Amino acid sequence: MSASSSSTPSKRLLDLSLEDKKRFLDSFDYVLTDCDGVVWNLYGPIEGVGSAISALKSQDKRVVYVSNNSVRTLQNYRDQVRTLGHEVDDEDVVHPVVSVIKYLKSINFDGLIYAICSQSFLDSLRDAGFEVIHGPNDAQPESLRLIIPVIYDKKPVKAVVVDYDFNCNHTKLLRAELYLKGDPECMLIAGATDRSISVTQQFEVLGSGRYVDVLEQATGRTAMVLGKPGHQLGVQLK
């Protein structure tokens, strides 16, 4: 669908005539929808979404679920979509680990990755054939003199990948910082960059975008964003 001219005021879909609504629906074939807080929340599906998806599919629209939540596995996404009364193919679920893997393969990346991420994200990277290190997850002594020899291992890390990690800690961010400062060619790749996450329509909590902010400010780097709203995610959707 072509962008509207800046001189043409936007219109509410509900205010369009039936003819204009049909013209609008006929102008696209794909529907890209967010997931958390849009089609479901922490407590289940949002009322009416399943029917809306049915209506779109009845018009032969392909519905693609685009999320920044890589903590969920593909099986979990399939199960969640079933709560809406629908089935979904794996290729119609896109989230950061999917776009990270596609991007790394597109550039023939074969280096070592340091990842701050969930176990599901980590497993997906390794299943895709990448060599990945992570951690430490265990408590460290409260002394930089003791911590730095443990994490400053000078391993040939070529990409630091940051996504949501329930066990993120200062030591992991410090380790990522040292890899990035130690090698100017080491890439900083961000999955989800949400600074807040919707739990309900009235309640939000801290998101992994804050981790990315810390590393960008500490290193002077700008992360390549492979989750929403990064341009590269759109490239991987093509």
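Keep in mind it's a predicted model, so treat the numbers as computed, not measured.

Caption draft 1: Fine view of the environment of tyrosine 164. Inspection of the secondary structure puts tyrosine 164 in the loop between β8 (157-162) and α7 (170-182). By relative accessible area, which is 16% here, tyrosine 164 ends up buried. Between the C-alpha atoms of tyrosine 164 and leucine 25, which are 139 residues apart in sequence, the distance is 35 Å. Among all residues touching tyrosine 164, those that are not within four sequence positions of it are Val71, Cys117, Ser118, Ile197, Leu206, Gly207, Ser208 and Tyr211.

Caption draft 2: Up close: the domain arrangement of the protein. The assigned domain composition of the protein is domain 1 (13-94) and domain 2 (96-237). At the interface, 16 residues of domain 1 touch 19 residues of domain 2. Across the contact surface, domain 1 and domain 2 share one salt bridge. In this structure, aspartate 34 engages lysine 228 in a salt bridge whose closest nitrogen and oxygen atoms are separated by 2.6 Å. Linking domain 1 with domain 2 are four residue pairs in polar contact (both at pLDDT 80 or more). By residue class, the composition of the side of domain 1 that touches domain 2 is seven nonpolar, seven polar and two charged.

Caption draft 3: Examining the sheet that holds strand β1 (residues 30-33) more closely. The parallel open sheet is built from three strands, whose spatial order is β1-β4-β5. Each of the sheet's edge strands pairs with one partner strand only, and the pair in question is β1 and β5 (93-94). Bridging between β1 and strand β4 (residues 62-66) involves four bridges; their strand directions are parallel. Bridge pairing in β4 links threonine 33 to tyrosine 65.

Rules behind the numbers
- Residues numbered from 1 in each chain as written.
- Predicted model: local features only at pLDDT ≥ 70, side-chain atom pairs only at ≥ 80, totals over all residues.
- Heavy atoms only, no water.
- Helix = DSSP H or I, 4+ residues; strand = E, 2+ residues; numbered from the N terminus.
- Buried < 20%, exposed > 50% of the residue type's maximum accessible area, 1.4 Å probe, protein only.
- Contact = heavy atoms within 4.5 Å.
- Domains from an automatic or database assignment.
- Salt bridge = Lys/Arg side-chain N within 4 Å of Asp/Glu carboxyl O.
- Polar contact = N/O pair within 3.5 Å; in protein donor to acceptor, adjacent residues only side chain to side chain.
- Nonpolar A, V, L, I, M, F, W, Y, C, P; charged D, E, K, R; others polar.
- Pairing = 2+ DSSP bridges.

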